[in-house]
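# Close look at the chain arrangement
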There are 2 protein chains.
Amino acid sequence: MTRYSPEQLAERLRDGDRRALAQAITLIESTRPEHRVKAAQLLESLMPSTGNSVRLGISGVPGVGKSTFIEAFGNHITQQGHRVAVLAVDPTSALSGGSILGDKTRMETLSRNPNAFIRPSPAGKTLGGVTRRTRETLLLCEAGGFDVVLVETVGVGQSETAVAEMTDMFLLLLLPGGGDELQGIKRGIMELADLILVNKADGDSKVIAERTVTDYTMALHFLHSRSKNWQPRVQALSALNNQGVADVWETVNDFQAKLGDEIQHRRSAQAVNWLWAETADRLLDDLKGDASVRKRVAGLERDVTEGKLPPTVAAEQLINHYKSR
Amino acid sequence: MTRYSPEQLAERLRDGDRRALAQAITLIESTRPEHRVKAAQLLESLMPSTGNSVRLGISGVPGVGKSTFIEAFGNHITQQGHRVAVLAVDPTSALSGGSILGDKTRMETLSRNPNAFIRPSPAGKTLGGVTRRTRETLLLCEAGGFDVVLVETVGVGQSETAVAEMTDMFLLLLLPGGGDELQGIKRGIMELADLILVNKADGDSKVIAERTVTDYTMALHFLHSRSKNWQPRVQALSALNNQGVADVWETVNDFQAKLGDEIQHRRSAQAVNWLWAETADRLLDDLKGDASVRKRVAGLERDVTEGKLPPTVAAEQLINHYKSR
């Protein structure tokens, strides 16, 4: 895959070599054991260079204009002298064949922007696997000198929660009109949002968008804010006409100022949660991969499904098979 | 704890002996290894006698009148010839000292009702532990001939989701007025509800309650129904005046009729999810209990918190220590 040692790759990556970054991401996305070892060494040596970015999560249903917004927002902040990386968490990309960010023509100007780096969602059968690789890619991008990282996701299952768990601030894009457009948005997602953006506030929709802002500002009062230092806000914008995009960046800066040390505390908690979630995932994978376990899974699942065996008893049996290997 | 063998206990429990049921629950709640073995044998021999109840989850913020409703509802269905068991999932009961159902005077008449069985929430440090024991108690109650099982929970963390995962139908109690009363109710919970009950529809609140019913009926249109065979409903009632309580039981029967086989499919899926969640929990507990792991956890968590070590690498190290024991 790469002729460089993890140390050499780390050095070139820190020097801002985009090809080294791309190679490093391919390495951490690889499932081959020898690559996993190299990837671990690479990440470990890069850790001191990580943590220096603003980590933003972005979600919104298809058609809300996420890529138009990310392109406008990305170009705006690069003009401010920032370097932006755009990642994605899309567990469906494996099935749908190609990530939501796979087609770079979606963000033509941004993908050609020398200070922007766009990476499609890693493929993966489990959200946990996709999340792990995106988390690690985020660290690699930070080590590569990108000081703003956007992690995009579509509303599939728990992906928003996963993205909120790896970012500092969560942005939710909505369409003007509220009501019916809420179809498909899980209410639980509203709670994650530090900033709700009502996009397509242009043309005839402008007035409706303003009313939607008022409606959601009210609605947010019913939700517990995630931080005592920050009351979630709602803003209208038109990514298409580049109106209100600069305001979003101002709000992001305001958010950072208001949260202060809380951001570091959040990151520490996120890291420990990640450690234990990762440990549980890998342990379970290891158990599922165990030969003597594999022989029995189907039978035990059937007995449990048919109500012949209590799940707790079946679990105990699986673990005993696993440990007696 | 009990002088009976698991087989004897199972037989007496199936015969409807309440003391045997209580002993069996104490047994499955015990953490002592020899009790765990007996409990597993007991559950296994009882499995063929389980699955014959209507499993109802009930949630609502403190003050909404949950116990008043459960008492009125329980007494109503026992009059219809049913036998009802009332369980609880309250992870805070360990801290708050005493479960939300600990004080039986909360349900005076129901607790004296020969066809009702009330069991406080098991204590426990983790939701997973509390949930496991309540799931198993539910099975024991079914084997004991209770054909309606109510599992109550307060809105703490993920407890509603846990209860929805062990029941057929989820009831959410709300107060008249909607709006501000929603404070404290996580929006995600709305999605779990198959039936929303606006309680305290009496006196001056009656009119407000009716409006609340309309509001929530509208609100539910924005949410995806959990079943294509059932559109969640909203009903007003006064548990205090025993008005609308019979209607709730009718809706429950309608729900069962409409879902039909889907209920069994849900239960099968729940059982398999439980199997794997249980396996993951026990594996992680086993790892955390491992001596060579315990020696290193604190250091690894610190390195991860301080950003010196990637969580994935720390997880790998923990697992290697665990497996090399």
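Residues numbered from 1 in each chain as written. Chains lettered and ligands numbered in written order. Predicted model: local features only at pLDDT ≥ 70, side-chain atom pairs only at ≥ 80, totals over all residues. Heavy atoms only, no water.

### Remarks on the overall build of chain A
Applied cut-off: In DSSP terms, a helix is any run of H or I states spanning at least four residues, a strand is any run of E spanning at least two, and both are numbered starting from the N terminus. Relative accessibility decides the category of a residue: with a 1.4 Å probe and only protein chains considered, values under 20% of the type maximum give buried, values over 50% give exposed, and everything between is partly exposed. Between two residues, a contact is recorded if the distance between any of their heavy atoms is within 4.5 Å. To measure how exposed things are, a 1.4 Å probe is used in the Shrake-Rupley method; for residues, cover is taken only from the protein chains shown.
Across its full length, chain A holds 14 helices and seven strands. Here chain A holds 325 residues, and 56% of them are scored as buried. Taking contacts inside chain A between residues at least 6 apart in sequence as the whole, the part at least 24 apart equals 75%. Summed over its atoms, the accessible surface of chain A is roughly 13400 Å², and 51% of this surface lies on carbon and sulfur atoms.

### Brief notes about helix α4 (residues 66-79) of chain B
Residues and elements named next belong to chain B. So the rule is basically this: In this scheme, a helix's expected span is set at 1.5 Å multiplied by one less than its residue total.
For α4, which comprises 14 residues, the first-to-last C-alpha distance of 20 Å matches the rise-based estimate of 20 Å (1.5 Å per residue) to within 8%. Counting buried positions along α4 gives 12 out of 14 residues, so the element sits mostly inside the fold. All buried positions along α4 are accounted for by K66, S67, F69, I70, E71, A72, F73, G74, N75, H76, I77 and T78. G81 sits one or two residues past α4 and shows a positive phi near 95 degrees.

### Some remarks on the confidence of the model for chain A
Residue and element names in this part refer to chain A. Defined as follows: Here pLDDT means the predictor's own confidence in every residue, given as a number from 0 to 100.
For chain A, mean pLDDT is 88; residues scoring 70 or higher make up 90% of the total. Per-element mean pLDDT across chain A ranges from 48 in helix α5 (residues 93-96) up to 98 in helix α11 (residues 245-259). Note on residues 94-103: pLDDT is under 50 here. Beyond four places in sequence and across chains, it has 23 contacts. Listed scores for the predicted complex are pTM 0.77 and ipTM 0.82.

### A word on unusual backbone geometry
Residues and elements named next belong to chain A. For N242, which is not a glycine, the phi torsion comes out positive at approximately 55 degrees. Along the polypeptide, N242 turns up in the loop between β7 (233-236) and α11. With relative accessibility at 49%, the residue N242 sits in the partly exposed group.

### Observations regarding the packing of aromatic side chains
Residues and elements named next belong to chain B. In plain terms, the rule: Stacked, edge-to-face and tilted labels apply to pairs of Phe, Tyr and Trp rings (six-membered ring for Trp) whose centres lie within 6.5 Å, assigned for plane angles under 30 degrees, over 60, and everything in between, in that order.
In total, this model carries eight aromatic pairs over all chains according to the counting rule given. A centroid spacing of 5.9 Å and a plane angle of 45 degrees characterise the contact between F117 and F146, whose relative ring orientation is tilted. Of this pair, F117 sits in strand β3 (residues 116-118) while F146 sits in the loop between α7 (127-143) and β4 (148-153); the two residues are 29 residues apart in sequence, bridging distant segments of the chain. A relative accessible area of 2% means that F146 is categorised as buried.

### Observations concerning helix α10 (residues 205-221) of chain A
Residue and element names in this part refer to chain A. Put simply, the test is: In this description, one arc is meant: the one made by directions from the helix axis to the C-beta atoms.
Between its first and last C-alpha atoms α10 spans 24 Å; for 17 residues at 1.5 Å apiece the expected length is 24 Å, and the two agree. Those residues of α10 lying buried are A209, T212, V213, Y216, A219 and L220. Down the axis, α10 shows its buried residues gathered within 130 degrees of arc, on one side only. Residues of α10 that are exposed and angled more than 90 degrees away from the buried face: V207 and M218.

### Some details on the sheet that holds strand β2 (residues 84-89) of chain B
Residue and element names in this part refer to chain B. As a reminder of what qualifies: One requirement defines pairing of two strands: DSSP has to find at least two bridges between them. Geometry is summarised by axes, namely lines fitted to C-alpha atoms with helices restricted to the contacting stretch, and by angles between N-to-C directions that run from 0 to 180 degrees.
The strand order across the open sheet built from seven strands is β3-β2-β4-β1-β5-β6-β7, with neighbouring strands paired in parallel fashion. The sheet is open, and its two edges are formed by β3 and β7 (233-236), each paired on a single side. Looking at each pair of strands side by side, their axes are set apart by 20 degrees on average, direction ignored. Across four bridges, the pairing between strand β1 (residues 54-59) and strand β5 (residues 169-174) is parallel. Opposite L56, over in β5, you have M169 as the bridge partner. Here helix α11 (residues 245-259) sits on the sheet and contacts β1, β4, β5, β6 (195-198) and β7; the angle it forms with β7, its principal contact strand, is near 165 degrees.

### With respect to the packing of helix α1 (residues 6-14) of chain B against helix α3 (residues 33-46) of chain B
Residue and element names in this part refer to chain B. The line we're drawing: Any angle between 65 and 115 degrees counts as roughly perpendicular, while under 35 counts as roughly parallel, over 145 as roughly antiparallel, and the rest as oblique. The handedness criterion is simple: a crossing whose near helix is rotated anticlockwise from the far helix by less than a right angle is left-handed, and one whose near helix is rotated clockwise is right-handed. In this classification, the charged set is Asp, Glu, Lys and Arg, the nonpolar set is Ala, Val, Leu, Ile, Met, Phe, Trp, Tyr, Cys and Pro, and all remaining amino acids, among them Gly, are polar.
Where α1 meets α3, the closest approach of the two axes is 9 Å, and the angle between their N-to-C directions is 45 degrees. By the angle between their directions, the pair α1 and α3 is classed as oblique. Judged by the twist between their axes, the crossing of α1 over α3 is right-handed. Together, P6, L9, A10, L13 and R14 of α1 and K38, Q41, L42, S45 and L46 of α3 make up the contact between the two elements. For the contact of α1 with α3, the per-class residue count stands at six nonpolar, two polar and two charged.

### Regarding the side chain of R135 of chain B
Rules: Under the convention used here, Asp and Glu are negative, Lys and Arg are positive, and both His and the chain ends fall outside the count. For this analysis, a salt bridge means a side-chain nitrogen from Lys or Arg found within 4 Å of a carboxyl oxygen belonging to Asp or Glu.
Looking at the secondary structure, you find R135 of chain B in helix α7. Of the side chains with opposite charge, E165 of chain B comes closest to the buried, unpaired R135 of chain B, at an N-O distance of 4.3 Å.

### Considering the pairing of strand β1 (residues 54-59) of chain A
All names here are of chain A. For β1, the buried fraction is high: six of the six residues fall into the buried class. The alternating pattern of β1 places V54, L56 and I58 on one face and R55, G57 and S59 on the opposite face, and all of these are buried. Bridge count for β1 against strand β4 (residues 148-153) is six bridges, and the pairing is parallel. Bridge assignment links G57 to a residue of β4, and that residue is V151.

### Observations regarding the packing of helix α13 (residues 291-305) of chain A against helix α12 (residues 261-289) of chain B
Relative to each other, α13 of chain A and α12 of chain B sit at 130 degrees, their axes nearing to 8 Å. In terms of orientation, α13 of chain A and α12 of chain B fall into the oblique class. Handedness of the crossing formed by α13 of chain A with α12 of chain B: right-handed. In contact with V297, E301, V304 and T305 of chain A of α13 of chain A, α12 of chain B contributes S268, A271, V272, L275 and W276 of chain B. Residue classes in the contact of α13 of chain A with α12 of chain B are distributed as six nonpolar, two polar and one charged.

### Overview of the sheet that holds strand β6 (residues 195-198) of chain A
Residues and elements named next belong to chain A. Within the open sheet, the seven strands sit side by side as β3-β2-β4-β1-β5-β6-β7. Their pairing is parallel. Only two strands of the sheet have a single neighbouring strand rather than two, namely β3 (116-118) and β7. Geometrically, the sheet is characterised by an average inter-axis angle of 20 degrees between neighbouring strands, direction not taken into account. Running over the sheet, helix α7 (residues 127-143) touches β1, β2 (84-89), β3 and β4 and is turned about 175 degrees from β2.

### Some thoughts on the pattern of salt bridges
All names here are of chain A. Applying the stated criterion across every chain yields a total of 33 salt bridges over all chains. Linking R266 and E262 is a salt bridge whose minimum nitrogen-to-oxygen distance equals 3.8 Å. Residue R266 and its partner E262 are both found in helix α12 (residues 262-289); the two are separated by four residues, about one turn of the helix. Classification of E262 by relative accessible area gives buried; the value is 17%.

### Focus on the side chain of T131 of chain A
Residue and element names in this part refer to chain A. You can see T131 is positioned in helix α7. For T131, a relative accessible area of 9% corresponds to the buried category. If near-sequence neighbours (up to four positions away) are discounted, T131 is found in contact with A162 and M166.

### Observations concerning the environment of S159 of chain B
All names here are of chain B. We apply this condition: Two N or O atoms count as a polar contact when they lie within 3.5 Å, although within protein this holds only if one can serve as hydrogen donor and the other as acceptor, and sequence-adjacent residues are included solely when both atoms are side-chain atoms.
With respect to the element layout, S159 can be found in helix α8 (residues 159-164). Each C-alpha atom of the pair S159 and V89 lies 6.9 Å from the other, and the pair is 70 residues apart in sequence. Aside from chain neighbours lying at most four places away, what touches S159 is V89, P91, L127, T153 and V154. In this structure the side chain of S159 is engaged in a polar contact, spanning 3.0 Å, whose partner is the side chain of T153.

### Examining the pairing of β6 of chain A
Residue and element names in this part refer to chain A. Here β6 shows a buried face lined by L195 and L197 and a second buried face lined by I196 and V198. As paired strands, strand β5 (residues 169-174) and β6 are joined by four bridges and run parallel to one another. Each bridged residue has a counterpart across the sheet, and for L172 the counterpart in β6 is I196. Strand direction decides the pairing type here: β6 and β7, joined by four bridges, are parallel.

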